[in-house]
Structure formats: structure tokens, C-alpha cells
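What follows is each chain in one-letter form.
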Amino acid sequence: MTQKPVMHSAHWGAFHAQQQGDRLTIEPFKGDPDPSPLLQNFHTALNHPARVSRPMVRRGWLENGPGADDRRGNDEYVAVSWDEAYALVTRELQRVGDKYGPEGIFGGSYGWSSAGRFHHAQSQVHRFLNTTLGGYVRSVNSYSSGSASVLLPHIVGDMNEIARRGVSWEEIAQHSEIVVAFGGLALKNSQVASGGLSEHTERGFMQQAAERGTRFISVSPLQSDLPEEAQGEWLALRPGTDAAFILGVLSVLIAEQLTDEAFLARYTVGWPEMAAYIRGEEDGTPRDAAWAAEICGVSAAFISDFARQLHGKRVLVTVAHALQRAENGEQPVWLGLVLAAALGQPGLPGGGYTYALGALGHYGKHHNLVSFPALPQGKNGIDRLIPVARISDMLLNPGKPFDYNGRRLTYPHIRLAYWAGGNPFHHHQDLARLRQAFCQLDTLIVHEIAWTASARHADIVLPATMTLEREDIGGAPTDRHLFAMQPVAQPFGEAKDDYAIFTELARRLGREEAFTEGRDTRGWLQHHYAQLQQKLAAHQVEIPDFEKFWQQGVLELPQLKDGGRMINAFRADPEASPLPTPSGKIEIFSATIASFNYENCPGHPVWREPQQKPNSDHPFWLIANQPATRLHSQLDFGDYSLSGKRDGREVCSLHPADAAASGINDGDIIELYNARGHVLASARLTETIMRGVVQLPTGAWYDPVDPTALRPLCRHGNPNVLTLDIGTSSLAQGCSGQITVVQVRKYRGEVTPVQAFIPPG
Ligand SMILES: Nc1nc2c(c(=O)[nH]1)N[C@H]1C(S)=C(S)[C@@H](COP(=O)(O)OP(=O)(O)OC[C@H]3O[C@@H](n4cnc5c(=O)[nH]c(N)nc54)[C@H](O)[C@@H]3O)O[C@H]1N2
Ligand SMILES: Nc1nc2c(c(=O)[nH]1)N[C@H]1C(S)=C(S)[C@@H](COP(=O)(O)OP(=O)(O)OC[C@H]3O[C@@H](n4cnc5c(=O)[nH]c(N)nc54)[C@H](O)[C@@H]3O)O[C@H]1N2
Ligand SMILES: [Mo]
């Protein structure tokens, strides 16, 4: 459609794009010092055969109507006209709404969607269900930070205050002497931020800090979790044992009187209980260096030495999201804070505790003076919720009680689920169980740009435009650029914007005005821009009018230098600026959490043995982390994502010594398996991974050879076939998909080509 390049933006960067025949030419935003190679995934996206071109209905649903059905994930699809599709969806929404009310509809619709803030698909679903059907059962928290976001408010404050407004990268570059990064600071992760990221600055900051002499210590099973620019050290602990390691370090600090008792007394509560636990006064088991060494796989001498080196230094402790996306994930997050407090560091420049630094490009940055408005979601008429990762539990166990953050709730009986902008067969654990769960529904409706496995399990699939085919505004609260996202191409096939689809459905439900408020897309963009203009005017900041903004494509916004504001003020005067915790202090012991009486999450942090640990049947830890070559499962068919695969299959890293013991060579097709299923991948041998650990990133589209198998075989390499679907603890019930245990062998069965990108018939 366009002749000249236009401005656009993605979660992984802003760019100029131009369509040339079947390919897209991409030029990164000039202001970006270190653009992301993920941009290459757009090259072939627009007309890729994996796109959904028409509304499609699953044959079983079309012929038999709504109802539980075991054919989901294993059925044919029938093309219908938009008019028929709208009629089917409207009738089904009315039926479920009338018979069961909002309690029968799950509208959580978790997922990252695309960067534009107006077309943010999840917000569109929520607004649609609120304004047309009176609400829906919602999900709370995220797969990203399920346990930290529940824990941190009890012990120090809101997660975003600790992560987004934590210690800034500038401070680190200027002041930190030691940065202990549990889970590392991989540049692959910080290249992404929801809403967009116009300047990738982490590499530069780490280089600056290292040149000044900052010592970066990356605690991770993978050496690649710290970039070369950091010139750092690699500390490999057994996965999932960081909590024990920190307890061991604390025991040394206590024994050698290296703790900052004045800080602990003034700024924290519960240190005596913690110290008693570490000394073993509760149960006769001291958590000392020798005890921790046994669990973590490093020597007691190493732990003692490590503790001594932290003393007297400006130390920053950060704990990656990854550590809390695991059984008992609350514990390392809590203990990271306790370690920083025991060293007396919180509130000192470049010191203390920051959460998830480098896990996303939002963290360690500065906030815009005012935020860009979000699409209002309307009012949800009911208050029924699940922690987001309890989706299968909910669908399989209607009426069953569960614990969550001090509350006892019950799972509702869901008849219909509506999903747009997310891929549960990417993000959820134990995919065979997820399929069983989705089979219980009367109806699953999905809007998708492409034939993901989630679309392949839906009853009604509505083709959505992708970001490049529509206009929007892109921006994030910690990004100083706002982008006019201009359309690059015409919609693919019969695809429509999520907003257009919901507008027509709302019209048929007699609620168009309530949903649209009389605005089309351009109307909303102008409306939100005008609100931004007003908010800035209140601070005497003037910005150009919408037309001018649209024409120039980008706008620079004023920012606050607000890194660390909460903790700094608290340190300066704890009485005048208490923390938003019950005691107003850092809670090393939380009376609130203790009062919940959770055996798996007591009042102070502890080491708890995980259910999943290697044994003779499943001798390897599997790390299922974020992929370097794409965002989650998005555009997995793109050039850059494919360049990381071998023969179209995902690559699994393992140590050469482990491979040799199993007769595996580099490039062999291997099979990872456990009680939940089997996954094929191409073996890559590398000494940058610790022994006993294999790593297979998330994001390869689920491609089961037999979708109905109780223990399916995915020939493409989706690790969520293998991960266990349990909550982190009764406190947060977060996702625990990061780590599981598996057996690995050379694959001797029949190898069939990956079919994930071939649409269903
Ligand atoms: N084992 C394991 N599992 C994990 C993780 C892990 O570490 N290990 N990480 C977890 C984390 S942190 C997260 S955040 C989740 C991510 O899980 P998701 O957010 O569900 O993953 P995405 O692939 O980003 O899904 C977005 C979907 O939206 C579609 N889409 C894009 N734009 C549009 C649009 O405009 N309209 C519509 N209708 N659709 C659109 C894309 O095609 C894609 O299928 O995964 C989680 N799962
Ligand atoms: N390229 C790319 N970047 C992304 C994403 C993506 O999909 N692609 N997703 C984004 C999203 S939504 C989120 S929430 C963040 C997630 O941020 P994280 O969850 O922190 O990212 P991961 O890559 O899953 O994990 C980081 C590292 O932690 C290490 N690790 C795993 N288990 C353990 C453990 O038990 N102990 C220790 N010490 N280390 C461990 C792994 O080696 C892993 O590489 O990433 C964001 N960034
Ligand atoms: Mo995430």
C-alpha cells in the first residue's frame, strides 16, 4: 500500500517500514543505540501462509453446537462468511449470558498482543465483555511475576516501585561496586518491553559500569545470562536452589558479625526470627554454609568467601522474574531483599535491592512525567477471579476451593472463554492437561493473526489484523518516545481489527454506543492524545497537535528522574516516609503472611525442598526460559526466529559431558521426556551451561504428532509439554513453568517435518 517508509513500533523497538513486494524493509529508529534483531521477524510476516485469512469454525462445534468436546485440537475447520461468524458468536454470547451470566464467561485473555496501546487486544476483550454482557470472570497477576507481585507488597511495597522505579541504570554505572544478579542480566531479555522500547541502553550501561570497576556476578545455570560487556563472573548453582544459597551467605554474615545491625534494627522487622531460623533454633537444623553447599552444589568455603566479599561494599542485589516462576518462587525474591538489608544497602546510591533488573527494558529506567491513557475497560459487574496460571485447574474443577493471598476462593464453572492477543498453548504449563481443560468448555472463541496452537483448539477463529496493518499509538510509561504507528500494508485476506470485530458484535448485541462511545479508531487515538495534551498542559508542557504528531511520527516526552524514590525517602527518614507495609518497614518477618498459616509459605523466608528435583528417571533439570530470537511465540515463523532453529526445529543446549554420557552429538535430534510428554529438539553442545542442566527456550509453536495423546510428542520443541502445572505456593499461586525435570536421549523414532506453520484444512 505505502510507497514511502512509515513509522511503526513493536514491543522490541521502533522502526521505519516499507513494503516491497512480499517482503518488508525495516530500518530501526535512529535514536536507538542498540536496535533489536527481533525486528527481522517482521520481514515475511505480512503474507505468511500461517496467517488466518478467513473466519473459521471447528467442524464438531458447527455440526453439534456448543458443548464439551474431546475433538478440540484435533478437528477440521470450515470457512464461514463474516456475517455467519458474527451471527454464531452473537447467538452463543447471548445464550451463555442469559443462562449463566458473567460467571459463566472467562475473559482473562492473558497475553502480550502487540505494542499499540489502543488495539491492545486484552483491553479490547475486557471492555467488550464489560459493556455488552455485564462482565466476566477475570484473571489477576501475570505469568511474568505471579509470585513477586503478590509477595512484594507484603514485605516492602508495590512491585513496580521496586522494579520500574528501583535503582536506575545510571546509578549502577556510577555507584555500584558489586551487582549480584540472581538469574543474570541477559540482553536477550531487556530488548523487550510491553508497549515498546525506543532505546536499548542496557549494553552501554553495563559496559560503562564495568569500565569504572563494577563487579557483576551472574548467578545462573547459563553463562550466556550475562553479556560480555559486563566483564562479569559466572556463578552456577543448581537450579532452584538460590534460596538455600542466600541462607548460607546470611549464616556467614551472622557468624562473622558482618551484618549491619543498626540498619536491621531501624529499618526492618523480623530479623531476630530470621536469624533464629538460620541458626537452627526452631528445629535444630542450622542453615549454614555447609548445609547450603550440599543443596546448591558449590563448596562451603566458596559460600563463606562470597559472603565476606560483600561486606563493606556498595552491593546491589537483583532477582530475575525467572526465579519466582518456579515452585516456592516467593522465597528467593524475599531472601534477595533480606540479603540487601543484612548488608545495610537499601536506599544507598547504586546499592540495595532491585527486582527483575534487565528482565525487561522497562526496569531501571525513568518514568514519563505523565502517562499515556489506556483504553477504559468499563465496569465489571462481578468480582470473580483466578490467579492467571490456574486456568486449567479452574476449567477442570468447577466449584473447588483454592487458597490465594489469604483468601479462600472457589473456581467458577466456565462455559465460554474468549481470547484475543494471547497464546495459552504457548504460555501455560502441561499442554496435554490444558487441552483436557479446554475440552470442558461449551465454546472457545479466539481472535488471532496466525494459526497458533491456541487458534487450533478454538471453536470459532476470527482473523485479526496484525499491528502493521492498522494505525495506533505506541508508548510505555518508562519510554520517553511516543510513536505514531502508521499502517504499512492492507489487512491480510479478510482480517479485521479486533476493535472492528467487537464493534460489530456490540452492534448486534444492541450495545454499540456503550462499546464505542461513538468513536472509530482514529477518534480514540485523537481522544487519548488530547487527554495526554491536557495532562501535560497541567505541568506547563506544550506538545504539538495530533495532526502534527501524526505527521512527524514521534514525540519526545518529559521524564522524571524518580529511580529509587520510595526506598531513598524511607532511608532518609523512616518515620516520615514509611514503606507501605503493615509495619512501615522492610518485613523480614510478615505477621500478615504468617497469619495465613500456609505451610508452604510461612511468615519469614525459608528453604523448601521442591517437589521436582532430578532423580534416576529424570536426571536433568530443564530450564524453559525466554527465547533470544523472538518475543514468546510471536512471529515464530519469522526470519530471525527460524535462523535460531535447525531444520526448523528448536535447539536444546546441553553440556558436552552430559551429551557424551548419553551418546548424543551436536546436531542430533534428541527427545526430552517425562511423565507429561515428549519433545524433540536439535542438540547443541556447549560448555556455557552447567552439567546436569538442559535448556530449551519457550516459544516454538506446539506441534503435537497426536494431539489427543495423554503424553503428546511435540516435534517442534515446545517445553510446556513437559512443565508441571502447579502454583508457586498458596500465597501467590504463580506460574512455575521455568524449571522442571526430564530425561534426555537420542531420538530413534520416525522424524516428521515440523507442521506448526501449515494452517489446518
Ligand atoms: N515454561 C514457561 N512458560 C512460560 C514462561 C516461561 O518462562 N517458561 N514465561 C511466561 C511469560 S513471562 C509470559 S509473559 C507468557 C507469554 O505468553 P503470551 O503473551 O500468551 O505469548 P505471546 O506469544 O506473546 O502471545 C501473543 C499472541 O497474540 C497474537 N497477537 C499479536 N497481535 C495481535 C492482535 O493485534 N490481535 C490479536 N487478536 N492477536 C494478536 C500473537 O499472534 C500471539 O499468538 O508466557 C509464559 N510461559
Ligand atoms: N527476547 C525475549 N526477551 C524477553 C521475552 C521474550 O519472550 N523474548 N519475554 C519478556 C517477558 S514477558 C518477561 S516476563 C521477561 C522474563 O524475564 P525472566 O523470567 O527473568 O527471563 P528468563 O529468560 O525466563 O530467565 C532468565 C534466566 O534465569 C535463569 N534461571 C532459570 N532458573 C534459575 C534459577 O533457579 N536460579 C538462577 N539463579 N537462575 C535461573 C535462566 O538461565 C534464564 O536464562 O523477559 C522478557 N524479555
Ligand atoms: Mo512475561
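Residues numbered from 1 in each chain as written. Chains lettered and ligands numbered in written order. Predicted model: local features only at pLDDT ≥ 70, side-chain atom pairs only at ≥ 80, totals over all residues. Heavy atoms only, no water.

> Help me out: how do you make sense of the domain arrangement of the protein chain in this one?
Often, the extent of an interface is quoted as the loss of accessible area on bringing the components together. Splitting the protein chain by domain gives domain 1 (56-143 + 372-467 + 492-544), domain 2 (152-358 + 564-595) and domain 3 (620-746). Between domain 2 and domain 3, the C-alpha centre-to-centre distance is 29 Å. Taken together, the contacts link 24 residues of domain 2 with 24 residues of domain 3. In total, about 1,900 Å² of surface goes out of reach between domain 2 and domain 3, with carbon and sulfur atoms giving 66% of it. When residues of domain 2 are sorted by the area they lose upon contact with domain 3, P239, R325 and E330 head the list and together hold 31% of the total. Where domain 2 packs against domain 3, one counts zero salt bridges. For the pair domain 2 and domain 3, the number of links is nine residue pairs in polar contact (both at pLDDT 80 or more). For the side of domain 2 that touches domain 3, the elements supplying multiple residues, two or more each, are helix 7 (187-190) and helix 14 (321-324). Taken together, the residues of the side of domain 2 that touches domain 3 break down into ten nonpolar, nine polar and five charged. (Domains from an automatic or database assignment. Contact = heavy atoms within 4.5 Å. Buried area = accessible area lost by both parts, 1.4 Å probe. Salt bridge = Lys/Arg side-chain N within 4 Å of Asp/Glu carboxyl O. Polar contact = N/O pair within 3.5 Å; in protein donor to acceptor, adjacent residues only side chain to side chain. Helix = DSSP H or I, 4+ residues; strand = E, 2+ residues; numbered from the N terminus. Nonpolar A, V, L, I, M, F, W, Y, C, P; charged D, E, K, R; others polar.)

> Would you take a moment to explain the UniProt feature "domain: Molybdopterin dinucleotide-binding" (unreviewed entry) in the protein chain for this structure?
The sites that carry the UniProt feature "domain: Molybdopterin dinucleotide-binding" (unreviewed entry) are, in the present numbering, residues 620-736. When the span residues 620-736 is considered, its composition is 9% helix and 24% strand, and the gap between its end C-alpha atoms is 17 Å. (UniProt positions renumbered as here; feature names shortened; annotations may be inferred.)

> Could you clarify how one ought to interpret the site of ligand 1 in this entry?
Around ligand 1, 33 residues are found, and the nearest of them are H427, E448, R470, S633 and N720. Measuring from a nitrogen atom of ligand 1, one finds a side-chain N or O atom of S114 at 2.8 Å. Contact distances for ligand 1 include 2.7 Å between an oxygen atom and a side-chain N or O atom of H427. Relative to its free-state accessible area of 920 Å², ligand 1 is covered by the protein chains to the extent of 98%. Breaking the shell around ligand 1 down by element, the ones donating at least two residues are helix 17 (424-427) and strand 18 (443-448). Here the shell around ligand 1 is built from residues that sort into seven nonpolar, 22 polar and four charged. Each of two domains, domain 1 (56-143 + 372-467 + 492-544) and domain 3 (620-746), supplies a minimum of three residues to the shell around ligand 1. (Near = heavy atom within 4 Å. Areas by Shrake-Rupley, 256 points an atom, 1.4 Å probe, with all protein chains shown as cover.)

> Honestly, the UniProt feature "domain: Molybdopterin oxidoreductase N-terminal" (unreviewed entry) in the protein chain in this entry has me stumped. Any pointers?
Following the UniProt record, one finds the feature "domain: Molybdopterin oxidoreductase N-terminal" (unreviewed entry) at residues 8-42. A distance of 12 Å separates the end C-alpha atoms of residues 8-42, which is 0% helix and 49% strand.

> Just checking my understanding: could you explain helix 19 (residues 498-508) for this structure?
Side chains of residues three or four places apart in an α-helix project in the same direction, reflecting 3.6 residues per turn. The buried fraction of helix 19 is high, at eight of eleven residues. Residues D498, Y499, I501, F502, T503, E504, L505 and A506 constitute the buried set of helix 19. A positive backbone phi angle near 75 degrees is found at G510, which sits one or two residues after helix 19. (Buried < 20%, exposed > 50% of the residue type's maximum accessible area, 1.4 Å probe, protein only.)

> Can you help me understand the pattern of salt bridges in this one?
Between side chains of opposite charge, a pair can form when the charged atoms approach closely. In the structure shown here, the tally under the stated rule is 48 salt bridges. Taking the shortest distance from any N to any O, the salt bridge between E471 and R522 comes out at 2.8 Å. With a gap of 51 residues between them, E471 in the loop between strand 19 (460-463) and strand 20 (472-474) and R522 in helix 21 (residues 521-537) connect regions that are remote in the sequence. Note on R522: relative accessible area 25%, which makes it partly exposed. Between K613 and E609 there is a salt bridge, with the nearest N and O atoms lying 3.4 Å from each other. Among the residues examined, E609 registers a relative accessible area of 48% and is labelled partly exposed.

> Teacher, can you tell me more about the site of ligand 2 here?
Residues in contact with ligand 2 amount to 31 residues; listed here are only the nearest, K188, D225, G240, D242 and H632. Between ligand 2 and K188, the relevant distance is 2.6 Å, taken from an oxygen atom to a side-chain nitrogen or oxygen of the residue. A distance of 3.2 Å is found between an oxygen atom of ligand 2 and a side-chain nitrogen or oxygen belonging to S220. Taken by itself ligand 2 offers 900 Å² of open surface, and the protein chains cover 98% of this. Of all the secondary structure elements, the ones that give two or more residues to the shell around ligand 2 are helix 7 and helix 14.

> Please clarify how the side chain of D497 should be interpreted in this entry.
Summarising the element assignment, D497 is placed in the loop between strand 21 (481-485) and helix 19. Here D497 sits buried without a salt bridge, and the closest side chain of opposite charge, R470, lies 5.0 Å off (N-O distance). Of the polar contacts made by the side chain of D497, one reaches the side chain of T465; its length is 2.7 Å. Aside from chain neighbours lying at most four places away, what touches D497 is H119, T465, R470 and T521. (Lys, Arg positive; Asp, Glu negative; His and termini not counted.)

> Hey, could you run me through the packing of aromatic side chains in this one?
Two aromatic rings are characterised by how far apart their centres lie and by the angle between their planes. Scanning the entire structure with this criterion turns up 34 aromatic pairs. Ring centres 5.8 Å apart and planes at 50 degrees place the aromatic pair F425 and F438 in the tilted group. In this pair, F425 is assigned in helix 17 and F438 in helix 18 (residues 431-439), connecting sequence segments 13 residues apart. The buried category is assigned to F425, whose relative accessible area is 1%. Pairing F502 with F515 gives two aromatic rings, centres 6.2 Å apart and planes at 65 degrees, and the pair type is edge-to-face. Of this pair, F502 sits in helix 19 while F515 sits in helix 20 (residues 512-516), and the two are 13 residues apart along the sequence. For the pair F502 and F515, a shared accessibility class is recorded, and that class is buried. Ring-pair connections join several aromatic residues into one group, and the members of that group are F118, F128, Y418, Y499, F502, F515 and W524. The side chain of R127 reaches across the aromatic face of F515, ending 5.8 Å from its centre. The cationic tip of R522 hangs over the ring face of W550; the distance from NZ or CZ to the ring centre is 4.8 Å. (Phe/Tyr/Trp six-rings, centres within 6.5 Å; stacked < 30°, edge-to-face > 60°. Lys NZ or Arg CZ within 6 Å of the ring centre and 35° of its normal.)

> In this structure, what is going on with the environment of S149? I would like to understand it.
Mapped onto the elements, S149 comes out in helix 4 (residues 148-155). For S149, the contacting residues outside a window of four places in its chain are N141 and M159. Polar side-chain contacts of S149 include one of 2.8 Å to the backbone oxygen of S145.

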